[in-house]
Amino acid sequence: MGNTELSLDWLAQRHGLGRRAIRNLFYAEGTNFTDYVLSKRLDLAYSLLISPACCKRSIISIAVDAGFGDISWFNRTFRRRFGMTPREARDRALHPSH
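Just so you know, these numbers come straight off a predicted model, no measurement behind them. (Residues numbered from 1 in each chain as written. Predicted model: local features only at pLDDT ≥ 70, side-chain atom pairs only at ≥ 80, totals over all residues. Heavy atoms only, no water.)

### Some points on the nonpolar core
Put simply, the test is: We define a nonpolar core as any set of buried Ala, Val, Leu, Ile, Met, Phe, Trp, Tyr and Cys residues linked to one another through side-chain atoms lying within 4.5 Å. When accessible area is computed with a 1.4 Å probe and restricted to protein chains, residues below 20% of their type maximum are described as buried, those above 50% as exposed, and intermediate ones as partly exposed. Numbering of helices and strands runs from the N terminus; a helix is a DSSP stretch of H or I covering at least four residues, while a strand is a stretch of E covering at least two.
Within the largest apolar cluster, 14 residues are counted, with the highest numbers of intra-cluster contacts made by L42, A45, L49, I62, F68, F74 and F78. Residue contributions to this core peak at 4 residues, all from helix α3 (residues 33-49). Formed by 8 residues, the second largest nonpolar core is a distinct cluster that contains L6, L8, A12 and F26.

Next up, the structure:
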């Protein structure tokens, strides 16, 4: 998920399938490629943010490692998904009594 080059074309070529075939696989599961990738990247970022092993890493480096090239987009989609900013998620995980 951290590969910023990940695309429907890349996936289709990697598996020797057409774009439509890949797209239909996602549709059959009730989602689409873009939403699936975004969801998985947000899950990865969240898990890294709340991990004590990653507490010294910057939020920007975690976002980049999760596949986000645009930090503003990362912050907006993270807040929409989790109802808090990445900083708030980290603070709640690392300091649960606050």
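### Some details on the confidence of the model for the protein chain
When pLDDT is low, close inspection of the predicted coordinates is not appropriate. Let me state the cut-off plainly: pLDDT is defined as a per-residue confidence score from the predictor, taking values between 0 and 100.
With 99% of its residues at a pLDDT of 70 or more, the protein chain shows a mean pLDDT of 93. Mean pLDDT values over the elements of the protein chain span from 92, in helix α1 (residues 8-15), up to 97, in helix α5 (residues 71-82).

### What about the packing of α3 against α5?
Quick reminder of the rule: Fitting a line to C-alpha atoms yields each axis, with helices limited to the stretch in contact; the angle taken between N-to-C directions then spans 0 to 180 degrees. Each angle gets one of four labels, with under 35 degrees taken as roughly parallel, over 145 as roughly antiparallel, 65 to 115 as roughly perpendicular, and the rest as oblique. Contacts: residue pairs with any heavy atoms within 4.5 Å of one another. All residues other than Ala, Val, Leu, Ile, Met, Phe, Trp, Tyr, Cys, Pro, Asp, Glu, Lys and Arg, Gly among them, are scored as polar; the first ten of these are nonpolar and the last four charged.
One way to put it is that α3 packs onto α5 with a least axis distance of 11 Å and a crossing angle of 85 degrees. Taken as axis vectors, α3 and α5 run roughly perpendicular relative to one another. Mapping the contact onto sequence places L38, S39, L42, D43, A45, Y46 and L49 in α3 and W73, F74, T77, F78, R81 and F82 in α5. Of the residues belonging to the contact of α3 with α5, the class tally is 9 nonpolar, 2 polar and 2 charged.

### Describing the pattern of salt bridges
Put simply, the test is: Here, a salt bridge means any Lys or Arg side-chain nitrogen found within 4 Å of an Asp or Glu carboxyl oxygen.
As enumerated under the stated definition, the model contains 3 salt bridges in all. Where R81 meets D43, a salt bridge forms, and the shortest distance between an N and an O atom there is 2.5 Å. With R81 in helix α5 and D43 in helix α3, this residue pair connects regions lying 38 residues apart in the sequence. With relative accessibility at 38%, the residue R81 sits in the partly exposed group. A residue is classified by how much of its surface remains accessible, and D43, at 28% relative accessible area, is partly exposed.

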